[in-house]
Amino acid sequence: MSAPPRRKQVVNITGLLVLLALPAVALAVGEPFLIGVATRIVIAALAALSLDLILGYGGMVSFGHAAFLGIGAYVVGILAHHDIENTLIPFLPGTWHGTTAALVQWPLAVLASALFALVTGALCLRTSGVYFIMVTLAFAQMLYHFFVSLPAYGGHDGINLWQRSAVPGADLSDDWIFYYVCLFILLAVLAVLSRIVNSRFGMVLQGCKQNEARLAALGIATGRYKLAAYTLAGAIAGLAGALTANQTEFVGPSLMHWSRSGEILVMLILGGIGTLYGAVAGAATFLALEEILTSLTEHWMLFLGPILVFVVLFARRGIYGWLVGPESGDD
Amino acid sequence: MTAQLFLEQTLNGLQQGVTLFLLAAGLTLVFGVMHLINLAHGTLYMVGAYVAATVTQVSGNFLWGVLAAVAAAGLTGTAIEVIALRRLYDRGHLDQVLATFGVILFFNELVKILWGPQALFLSPPAILSGTVEVIPGVPYPAYRLLIIAVGLAVALAVRQLITSTRTGMLIRAGATDREMVGALGVAVNRLFTRVFAIGAMLAGLAGAMAGPLLAIEVGMGEHILILTFVVVIIGGIGSVRGALVGALLVGLVDTYGRAFLPVVLRGVLSPTAADGIGGSLSSIAIYVLMAAVLIWRPRGLFQAYGG
């Protein structure tokens, strides 16, 4: 890689400073609702980041990523629901009470999403290419219909949370604190993933994207690596889902509607795939675009659609690629 | 569970199956020949349903509505192909998915502006609003029988088109090696547009025929598109025969699941629990079927082409 490292560092550090300063800026310009927007950006970035791991590095185009967010959110929602109603969680052997403790909710959300990713991933990865896209979409839709027709947890209407998760030593109902908790998680995951993609594991994953048959010929069980990456991505997206539930204080099937999966995909492409940082840039751009266009017209999708077609046809490296400038060995 | 009920549900399943076939056939042809995955295929179904409702209302004749729907879907499809999608044939599937997702967003919003956010309802033509006793003791809505008949007729027509017309020959040749077809002097671009228009008209027909059975609303296209994907995954992408078998399987499994699963569960669970869980489980029955096919034959029952 003979990339100009300085420009990349300048872009990354500027991005970090912007994210750190966002709530203060929101307050300074007298628009405190922007803290909410900033929080949504950070959570969406986390989801897009997890998609980048499998799509940008592993070449697996998942169109069902919202399913993992939905599971993460529902774990938080269901636990909180039983805590408030003071009822037992059904369908489980033994007696299990609900809880609002983040230290229980969030790891369970991650585990449940990872488990779903492991099972569906094992099935999806029997296919590749266009089949993979359709199968991931179908499994996400399955989960959507499952929750829509599950009256115990509100069906279509979902569950309202009356409070955010309880974290020892921090009050998440304070929007500032919640924002920085989300940002801390995003940065931690970003740090871990940038280690992973350059590790031996990450190299195998990138190899799968370029030429899986050659790796298999070298004696590497590529399927296991891809499944591990898929599961890890599901786990991270599940965490993003747990945070989403806290952000909106509502959990419903709409969280895993197919168009949500599409949005995550769009954010990633908009920002640039296979860079990790692009996911953050894309989430910020997409949600900022949404805020601006919705303030101008209620029919913002009428403009987003053509913009999307245009980006796909003509601007293939994404915003982050454009910011850091040309890199040799790109594409 | 009586024999009558079972027969009635079988007809319902067939009716849902042939509707899915009309969509799956177009989707699978477009993929087979152009290697394009078109998420906006459901959009053409939606356009068909909306145009059918409006033209039927204005003209007072359902047949005009159906013809207008087929024409409108064909024209919309051709326009989408010429303006945007033909640039994507050589691109990866990721680009195709994103661009056609953009097309969906655009058309969903456009339909919302033109027709408003409220759902439309369309009544079946008066002659067909009654019931027919297919087998003594089983009255069945005549309109649904018509859908089954039209669907099966179209399936035969598509088969005829592919096996014994010049266009069909080019479709088969294009699916095997489209570069060779171009090298032999066939105007490939025009062939692609024609295939796309055929698929679009089938989707429009499906939308118009299904219109009287459901609420015509924005989002109906994507709902059925994902079911169509399940059909194509089960049948094998690129195979029209697979699309027919997959569509009937999905239609029957979905209908049987919804009708009989809660009843079966009542034997084990309390009635409310059985209805709740039965409803949830039956809504995922077709995906379980899909998963089973994936384990058994990852490329579908009638694998026609590579990935």
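Residues numbered from 1 in each chain as written. Chains lettered and ligands numbered in written order. Predicted model: local features only at pLDDT ≥ 70, side-chain atom pairs only at ≥ 80, totals over all residues.

- Under the annotation held in an unreviewed UniProt entry, chain B carries the name Branched-chain amino acid ABC transporter, permease protein and is attributed to Candidatus Defluviicoccus seviourii.
- The UniProt entry for chain B carries the following text under Sequence similarities (unreviewed entry): "Belongs to the binding-protein-dependent transport system permease family. LivHM subfamily."
- Listed in UniProt under the heading Subcellular location (unreviewed entry), the comment for chain B reads: "Cell membrane". (UniProt positions renumbered as here; feature names shortened; annotations may be inferred.)

- An unreviewed UniProt entry lists chain A under the name Branched-chain amino acid ABC transporter, permease protein, with Candidatus Defluviicoccus seviourii given as the organism.
- Annotation of chain A in UniProt includes, under Subcellular location (unreviewed entry), the sentence "Cell membrane".

## Some words on the overall build of chain A
(1) Moving on: Within chain A, the regular secondary structure consists of 12 helices and two strands.
(2) Moving on: Starting at the N terminus and walking to the C terminus, you meet the elements of chain A as α-α-α-α-α-β-α-α-α-β-α-α-α-α.
(3) Moving on: A compact globule built from 331 residues should have a C-alpha radius of gyration of about 20 Å, and chain A, at 20 Å, falls within 12% of that.
(4) Moving on: In terms of overall dimensions, chain A has a C-alpha envelope of 60 × 55 × 40 Å along the principal axes. (Helix = DSSP H or I, 4+ residues; strand = E, 2+ residues; numbered from the N terminus. Rg over C-alpha atoms; globule rule 2.2 N^0.38 Å.)

## Structural notes on the interface of chain B and chain A
(1) Moving on: Tallying the contact residues gives 38 residues for chain B and 38 residues for chain A.
(2) Moving on: Mapped onto the side of chain B that touches chain A, the elements with two or more residues apiece are α4 (93-115), α9 (220-235), α11 (271-283) and α12 (285-296) of chain B.
(3) Moving on: Here the side of chain B that touches chain A gets 15 residues from one element, more than from any other, and that element is α4(B).
(4) Moving on: For the side of chain B that touches chain A, the class distribution of residues is 26 nonpolar, eight polar and four charged. (Contact = placed C-beta atoms within 7 Å. Nonpolar A, V, L, I, M, F, W, Y, C, P; charged D, E, K, R; others polar.)

## Concerning the environment of A:Gly202
Residues and elements named next belong to chain A.
(1) Moving on: When you line up the elements, glycine 202 lands in helix α7 (residues 200-217).
(2) Moving on: For glycine 202 and alanine 229, which are 27 residues apart along the polypeptide, the C-alpha to C-alpha distance reads 8.9 Å.
(3) Moving on: If we ignore the near neighbours within four places in the chain, the residues touching glycine 202 are Tyr57, Ile196 and Val197.

## Points about the UniProt feature "transmembrane region" (unreviewed entry) in chain A
All names here are of chain A.
(1) Moving on: According to UniProt, the positions carrying the feature "transmembrane region" (unreviewed entry) are residues 38-59, 66-84, 104-125, 132-156, 176-197, 227-245, 265-289 and 301-323.
(2) Moving on: As a span, residues 66-84 carries 100% helix and 0% strand, and end to end its C-alpha atoms are 26 Å apart.
(3) Moving on: Structurally, residues 227-245 comprises 100% helix and 0% strand, and the distance from its first C-alpha atom to its last is 27 Å.

## Section: helix α8 (residues 222-248) of chain A
Residues and elements named next belong to chain A.
(1) Moving on: Taking 1.5 Å per residue, 27 residues should reach 39 Å; α8 reaches 39 Å between its end C-alpha atoms and fits that length.
(2) Moving on: For α8, a buried count of 20 out of 27 residues is recorded, marking the element as mostly surrounded by other parts of the structure.
(3) Moving on: Positive backbone phi, approximately 55°, marks glutamate 249, located one or two places after α8. (Expected span 1.5 Å × (residues − 1). Buried ≥ 20, exposed ≤ 12 C-beta atoms within 10 Å, placed from the backbone.)

## Let's talk about the pairing of strand β2 (residues 138-141) of chain B
Residue and element names in this part refer to chain B.
(1) Moving on: Strand direction decides the pairing type here: strand β1 (residues 131-135) and β2, joined by four bridges, are antiparallel. When the sheet's bridge partners are listed, valine 132 is paired in β2 with tyrosine 140.
(2) Moving on: Connecting β1 to the antiparallel partner β2 that follows it, the hairpin turn spans two residues, and glycine 137 within it adopts a positive phi of roughly 95°. (Pairing = 2+ DSSP bridges.)

## Remarks on the UniProt feature "transmembrane region" (unreviewed entry) in chain B
Residues and elements named next belong to chain B.
(1) Moving on: In the UniProt entry, the feature "transmembrane region" (unreviewed entry) is given for residues 20-42, 62-85, 97-115, 142-162, 195-214 and 277-296.
(2) Moving on: For residues 20-42, helix accounts for 74% and strand for 0%, while the C-alpha atoms at its two ends are 11 Å apart.
(3) Moving on: Strand forms 0% of residues 97-115 and helix 100%; the C-alpha atoms that close the span are 26 Å apart.

## Focus: the packing of helix α2 (residues 41-59) of chain B against helix α3 (residues 62-83) of chain B
Residue and element names in this part refer to chain B.
(1) Moving on: Between α2 and α3, the least distance of the axes is 7 Å, while the angle of their chain directions is 145°. In this structure, the crossing between α2 and α3 has a hand that is right-handed. For the pair α2 and α3, the contacting residues are Leu44, Val47, Gly48, Val51, Ala52, Val55, Thr56 and Ser59 in the first and Phe62, Trp64, Gly65, Val66, Ala68, Ala69, Ala72, Ala73, Thr76 and Gly77 in the second. (Axes fitted to C-alpha atoms, helices over the stretch in contact; angles between N-to-C directions. Left-handed = near helix turned anticlockwise from the far one by under 90°.)

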